[in-house]
Amino acid sequence: QGSMTLGTAVNIHLKANAGVAAIAGTRIYPVRQPASAADSKSPMLIHFFGGLADELDIEGGGFSRKTLICLSLAEEYDDSQALAEATITALRNFRGVMGGVSGVNVLHCLVADARDEEVPELAEAGVFLAVAEFEIAISI
C-alpha cells in the first residue's frame, strides 16, 4: 500500500469507470466543484467523506470505516439518476486495491443509502441532486 489517500483513490477509481465517465466525463471532483466549472450545467459528480469510525478486534488489529458521500448533479432528472446508478455500480461491493497499482487496499465498500435531495439553491439553479452514500473500510 502506497501513500495515496483514500480520497484520491476514490477519485481515480470513479474517473476510470466507463459508466461514470460516460455521464460525467471528467467532471468528477473531490469535495467541491472547482470555480472553473461553476457555470457548467453538465452532469457532475462530487464526492467527500462524512464520517469515520474505527473497529478493533481482540488482537489489536482492525479497520477504519469511512462514510463516502457522492453527489450526482445534473440539469436533467434522468441524468442525475443515471449518474447515481453508475456510481453505485462502480463502488458497490468493491474490495481490493482502489486507485491503481499504488492505491489503497479497500476491505469492503458497501452501499449505505441512496436518495434524492431537494436543495433550494440547486433547485433555483435548475439542478437535480441524487445522493449515494457508501461505507468504505480499510485496515488500520
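Our structure's up above, just so we're on the same page.
First, a word on what this report is: a plain description of the structure on this page. (Residues numbered from 1 in each chain as written. Predicted model: local features only at pLDDT ≥ 70, side-chain atom pairs only at ≥ 80, totals over all residues. Heavy atoms only, no water.)

## Considering the pattern of salt bridges
One pass over the structure, following the stated rule, counts five salt bridges. The partner of Asp 113 in a salt bridge is Arg 115, and the shortest N-O contact between them spans 2.5 Å. Accessibility expressed as a relative area gives 29% for Asp 113, which makes it partly exposed. The closest approach of N and O atoms between Glu 133 and Arg 115, which form a salt bridge, is 3.0 Å. Of this pair, Glu 133 sits in strand β6 (residues 128-139) while Arg 115 sits in strand β5 (residues 104-117); the two residues are 18 residues apart in sequence, bridging distant segments of the chain. Connected via shared salt-bridge partners are Asp 113, Arg 115, Glu 117 and Glu 133. (Salt bridge = Lys/Arg side-chain N within 4 Å of Asp/Glu carboxyl O. Buried < 20%, exposed > 50% of the residue type's maximum accessible area, 1.4 Å probe, protein only. Helix = DSSP H or I, 4+ residues; strand = E, 2+ residues; numbered from the N terminus.)

## Remarks on helix α3 (residues 77-91)
Here α3 is 15 residues long and its end C-alpha atoms lie 21 Å apart, about the 21 Å a rise of 1.5 Å per residue gives. Inspection of α3 places Ser 80, Leu 83, Ala 84, Ala 86, Thr 87, Ile 88, Ala 90 and Leu 91 among the buried residues, and these make up the whole buried set. Backbone geometry just downstream of α3 places Asn 93 in the positive-phi region, at approximately 60°. (Expected span 1.5 Å × (residues − 1).)

## Re the nonpolar core
General note: in soluble globular proteins, nonpolar side chains tend to be found buried as a group. One finds Leu 14, Val 20, Leu 91, Val 106, Phe 134 and Ile 136 to be the most contacted residues of the largest nonpolar core, which totals 25 residues. Contributions of two or more residues to this core are made by α1 (6-16), α2 (18-24), β3 (62-74), α3, β4 (94-98), β5 and β6. Beyond its immediate stretch of four places on either side in the chain, Leu 14 contacts Val 20, Ile 28, Leu 45, His 47, Thr 87, Ala 90 and Leu 91. (Core = buried A, V, L, I, M, F, W, Y, C linked by side-chain atoms within 4.5 Å. Contact = heavy atoms within 4.5 Å.)

## A closer look at the environment of Leu 52
Tracing the backbone through its elements, the reader meets Leu 52 in strand β2 (residues 44-56). According to the relative accessible area criterion, Leu 52 is exposed, its value standing at 58%. Between the alpha carbons of Leu 52 and Lys 15 there is a distance of 24 Å; along the sequence they are 37 residues apart. Leave out the neighbours within four places in its chain, and Leu 52 touches Ser 64, Arg 65 and Lys 66.

## Thoughts on unusual backbone geometry
With a phi angle near 70°, Val 31 is a residue other than glycine that sits in the positive phi range. Along the chain, Val 31 turns up in the loop between β1 (28-30) and β2.

## Observations regarding the pairing of β3
In terms of strand pairing, β2 meets β3 through 12 bridges, oriented antiparallel. Each residue of the ladder has a partner; that of His 47, found in β3, is Cys 70. Sheet topology note: the β3/β6 ladder contains 12 bridges and is antiparallel. Opposite Lys 66, over in β6, you have Ile 136 as the bridge partner. (Pairing = 2+ DSSP bridges.)

## Here's the deal with the packing of aromatic side chains
On inspection of all chains with the given rule, the structure shows one aromatic pair. Seen in terms of ring centroids, Tyr 77 and Phe 128 are 5.6 Å apart; in terms of plane orientation they differ by 75°. Their pairing is edge-to-face. Pair noted here: Tyr 77 is in helix α3 and Phe 128 is in strand β6, with a separation of 51 residues, a long-range link. By relative accessible area, which is 38% here, Phe 128 ends up partly exposed. For the cation-ring pair, Lys 66 lies above Phe 49, with the distance from its terminal atom to the ring centre recorded as 4.5 Å. (Phe/Tyr/Trp six-rings, centres within 6.5 Å; stacked < 30°, edge-to-face > 60°. Lys NZ or Arg CZ within 6 Å of the ring centre and 35° of its normal.)

Function cannot be inferred from these measures alone, as they are strictly geometric.
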